[in-house]
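Here is what each chain is made of, one letter per residue.
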Amino acid sequence: MEKQVLFRDRQELQAADMNNTQTWADEALRHIVTDAITGERQFSGLTVTGRSATELEVAPGRMYDGPNGKVFALESAQVHSVFAYLPLQDHKWLAVSVFGAEEDTDIQPRDYLSDLQTREVEPEAVAMQRRRVATV
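Given the structure is predicted, the values throughout are model-derived calculations rather than measurements. Numbering of residues begins from 1 in every chain and follows the order in which that chain's sequence is written. Predicted model: local features are reported for residues with pLDDT of at least 70 only, side-chain atom pairs are reported and counted for 80 or more only, and whole-chain, interface and lining totals are derived from all residues. With hydrogens and water excluded, all non-hydrogen atoms of the structure serve as input to the side-chain values.

(A) Summary view of a nonpolar patch on the surface. A cluster of nonpolar side chains, V48, Y85, L94 and V96, forms an exposed patch at the surface whose accessible area comes to about 360 Å². Per the convention used, a helix needs a DSSP run of H or I reaching at least four residues, while a strand needs a run of E reaching at least two, with both numbered from the N terminus. Relative to the helices and strands, Y85 resides in the loop between β6 (78–81) and β7 (99–115). A patch is a set of surface residues, each over 30% in relative accessible area and not in a salt bridge, joined within 9 Å for like charges and within 5 Å for the nonpolar side chains Val, Leu, Ile, Met, Phe, Trp and Tyr. Here the Shrake-Rupley method, with its probe set to 1.4 Å, supplies the accessible areas, and only the displayed protein chains count as covering residues. Salt-bridge detection follows one rule: a side-chain nitrogen of Lys or Arg within 4 Å of a carboxyl oxygen of Asp or Glu.

Below, the structure written as structure tokens:
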């Protein structure tokens with residue numbers, strides 16, 4: 001671990017402290033990917049198979065974006081229809097590409113303090129999870 005947030009008994013906890021725990025862990029993982037695994041873009045899993053003449057299945061896997069060290073995951077198999085791309089007479093080549101995207105998910109209601117004097121809160125629906133998803 002490169003950096004660590006120190007917590008002590010009876011210490012005030014700031015939001016930045018909690019954010020730093022995951023930010024610094026993410027930075028360390030990104031350094032491992034770029035330094036030890038690869039500096040290039042690599043794939044693990046994501047095997048493409050033909051389910052039928054009109055459907056392809058992409059298996060779960062991960063994409064390692066070597067230049068920036070981020071890891072994007074496809075958690076479950078996906079089926080894609082290629083019916084619209086079928087040739088009428090000749091053969092066609094089909095390329096399947098994967099790119100990484102970050103998405104905010106898990107929308108939940110959370111209370112936000114709106115008045116310090118009265119301790120009044122206002123509810124707001126916010127995303128509680130950010131995922132790095134391999135998009136096919």
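(B) Geometry of helix α1 (residues 15–37). Residue count minus one, scaled by 1.5 Å, sets the expected span of a helix. For α1, spanning 23 residues, the distance from its first C-alpha to its last is 32 Å, which sits close to the expected 33 Å at 1.5 Å a residue. Remark: exposure states derive from per-residue accessible area (1.4 Å probe, protein chains only) relative to the maximum for the residue type, with buried under 20%, exposed over 50%, and partly exposed in between. Within the sequence span of α1, burial applies to D17, D26, A28 and V33. Whether two residues are in contact is decided by their heavy atoms: any pair within 4.5 Å suffices. Packing partners of the buried residues in α1 comprise β4 (61–65), β5 (70–74) and β8 (120–135).

(C) Inspection of the sheet that holds strand β2 (residues 48–50) at higher detail. Whether two strands pair depends on DSSP finding at least two bridges between them. Read from one edge to the other, the open sheet built from three strands follows the order β2-β3-β6, with strand pairing classed as antiparallel. The open sheet has two free edges, formed respectively by β2 and β6, since each of these has just one partner strand. Between one strand axis and the next, the sheet turns through 30° on average, direction left out of account. Pairing of strand β3 (residues 55–58) with β6, which is carried by four bridges, proceeds in the antiparallel orientation. Opposite E55, over in β6, you have S81 as the bridge partner. Axis lines are fitted through C-alpha atoms, for helices just across the contact stretch, and the angle between N-to-C directions can take any value from 0 to 180 degrees.

(D) Highlighting the pairing of β7. Here β7 runs beside β8; their pairing, made up of 15 bridges, is antiparallel. Following the sheet pairing, Y112 is matched in β8 by E122. The antiparallel pairing of β7 with β8 creates a hairpin that spans four residues between the two strands, and R119 there sits at a positive phi of about 60°.

(E) Examining the nonpolar core more closely. Side-chain atoms within 4.5 Å are what join buried Ala, Val, Leu, Ile, Met, Phe, Trp, Tyr and Cys residues into a set we call a nonpolar core. Ranked by size, the top nonpolar core spans seven residues in total: L46, V58, M63, F72, L74, V98 and A134. Aside from chain neighbours lying at most four places away, what touches L74 is L46, V58, A59, P60, G61, A134 and V136.

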